Amino acid sequence: MASCSGVSVMLVIPLLVSSLMLAFAGNLNQRFDITWGEGRAKITNNGELLTLSLDKASGSGFQSKNEYLFGKIDMQLKLVPGNSAGTVTAYSLSSKGSAWDEIDYEFLGNLSGDPYILHTNVFSQGKGNREQQFYLWFDPTADFHTYSILWNPQRIIFSVDGTPIREFKNSQSLGVPFPKNQPMRIYSSLWNADDWATRGGLVKTDWTQAPFVASYRNFNADACIWSSGASSCSSSLPFTTNSWLSQELDTASQQRLTWVQKNYMIYNYCTDTKRFPQGLPPECRSS
Ligand SMILES: *[C@@H]1O[C@H](CO)[C@@H](O)[C@H](O)[C@H]1NC(C)=O
């Protein structure tokens, strides 16, 4: 008897804990608003899954309810499978106004079996032109993968499944504005961009494959929430809870970043001397 109940307790506790964690993770309804697409975007599975869809008439999109001023933000995405040529799934942080800041992931679809391009950019004060593009080391349509943005006052780090792929350092000392004063919201959308997305616009969207669907789950934000002109970080939390606020790449992460950039980077504005005949942007010369 005793051993029986011991066994059942041992079984029940992990079950309870994991269902609590699921309840905690599965609150996409509380974190996001569907903003466009007339029913093409949906939150299902008790708030655990968000899907965007695209057909010939429209794409769809969502945004976060919260605004953030710094954070470590993770989301799992599973991209449009099969022939996704012409489609773009955009996932970014952005502020408002004409001098906006923005941190971008864009996933450019492709023909079945051909690689997606992961396009990244950083805007500060309304100025972007800081593209870096990558192939991925896995098929991003076969399963969910985690795409993260670490944004603190010193740096922005893009990571895929925990592997850093790009670091944009604060180069204010070189006169480069850095996003650090404007709160940003998360925006995501799935739309048709067959005028440029796949092989530079050569491959068009095949609408017989529609609707195209991209999926999202397991959102997590360790972030400073901005509300009524104040940050949730300034007062309450002890600094140790917010170690991401001063996080930087350790040696192992730096080596993985170098590995990705060497093997998977297909475009880097920082090496595009033709594009910047007057000299590369200052932040490119710094490191
Ligand atoms: C699509 O596949 C082609 C051929 O492999 C490749 O050149 C291109 O970079 C891929 N990605 C996109 C988005 O065009």
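Everything quoted here is computed from the prediction, not taken from an experiment.

### Focus on the nonpolar core
Now for step 1: In this structure, Tyr105, Leu118, Tyr147, Trp151, Ile156, Tyr216 and Phe219 are the most contacted members of the largest nonpolar core, which totals 61 residues.
Now for step 2: With seven residues, strand S14 (residues 212-227) is the single largest residue contributor to this core.
Now for step 3: The contact partners of Phe219, leaving out residues within four places of it in the chain, are Leu28, Arg31, Phe32, Tyr68, Ile73, Asp74, Met75 and Ile186.
Now for step 4: Of all hydrophobic cores here, the second largest spans five residues; its members include Leu108, Ile117, Ala193 and Ala197.

### Here's the deal with the packing of aromatic side chains
Now for step 1: One pass over the structure, following the stated rule, counts 17 aromatic pairs.
Now for step 2: Put simply, the rings of Tyr91, Tyr105, Phe107, Tyr147 and Phe158 touch in pairs and so form one group of aromatic residues.

### Quick notes on the state of the cysteines
Now for step 1: Evaluation of the coordinates by the stated rule reveals two disulfides.
Now for step 2: Disulfide pairing is shown between Cys224 and Cys233; the S-S distance is 2.0 Å. On the S-S bond that ties Cys224 to Cys233, the torsion sits near -95°, and the link is left-handed. For the pair formed by Cys224 and Cys233, the shared burial category is buried.
Now for step 3: Residue Cys270 pairs covalently with Cys284 via a disulfide, S to S 2.0 Å. On the sign convention where negative means left-handed, the S-S torsion of about -75° between Cys270 and Cys284 marks this disulfide as left-handed. Of this pair, Cys270 sits in the loop between strand S16 (265-268) and helix H4 (282-286) while Cys284 sits in helix H4, placing them 14 residues apart in sequence.
Now for step 4: Cysteine pairing for the protein (bonded cysteines numbered in sequence order): 1-2, 3-4.

### Section: the sheet that holds strand S1 (residues 32-36)
Now for step 1: Spatial strand order, S1-S4-S13-S6-S7-S8-S9-S16: eight strands in an open sheet with antiparallel pairing. Two strands lie at the open edges of the sheet, namely S1 and S16, each paired on one side alone. Put simply, the sheet's adjacent strands are angled 15° from each other on average, direction ignored.
Now for step 2: Pairing between strand S9 (residues 132-134) and S16: three bridges, direction antiparallel. Each bridged residue has a counterpart across the sheet, and for Phe134 the counterpart in S16 is Met265.

### Looking at the environment of Ala90
Now for step 1: With respect to the helices, strands and loops of the structure, Ala90 is situated in strand S6 (residues 87-94).
Now for step 2: The exposure class assigned to Ala90 is buried, which follows from its relative accessible area of 11%.
Now for step 3: Separated by 98 residues in sequence, Ala90 and Ser188 have C-alpha atoms that sit 5.3 Å apart.
Now for step 4: Aside from chain neighbours lying at most four places away, what touches Ala90 is Tyr105, Glu106, Tyr187, Ser188, Ser189, Trp191 and Tyr216.

### A word on the side chain of Ser215
Now for step 1: Inspection of the secondary structure puts Ser215 in strand S14.
Now for step 2: Filtering out sequence-adjacent residues up to four positions away, Ser215 remains in contact with Leu49, Leu50, Thr51, Gln76, Leu77, Lys78 and Phe144.

### Points about unusual backbone geometry
Now for step 1: Here the residue pair Ala210 and Pro211 is connected by a cis peptide bond, since its omega of 0° sits within 30 degrees of zero.
Now for step 2: Mapping Pro211 onto the fold places it in the loop between strand S13 (185-192) and S14.
Now for step 3: Even without being a glycine, Asn46 presents a positive backbone phi close to 55°.
Now for step 4: One can find Asn46 in the loop between strand S2 (42-44) and strand S3 (49-54).

Parameters at a glance
- Residues numbered from 1 in each chain as written.
- Predicted model: local features only at pLDDT ≥ 70, side-chain atom pairs only at ≥ 80, totals over all residues.
- Heavy atoms only, no water.
- Core = buried A, V, L, I, M, F, W, Y, C linked by side-chain atoms within 4.5 Å.
- Buried < 20%, exposed > 50% of the residue type's maximum accessible area, 1.4 Å probe, protein only.
- Helix = DSSP H or I, 4+ residues; strand = E, 2+ residues; numbered from the N terminus.
- Contact = heavy atoms within 4.5 Å.
- Phe/Tyr/Trp six-rings, centres within 6.5 Å; stacked < 30°, edge-to-face > 60°.
- Disulfide = S-S within 2.5 Å.
- Pairing = 2+ DSSP bridges.
- Axes fitted to C-alpha atoms, helices over the stretch in contact; angles between N-to-C directions.

So, to be careful, I would describe these as geometric facts and stop short of saying anything about function.
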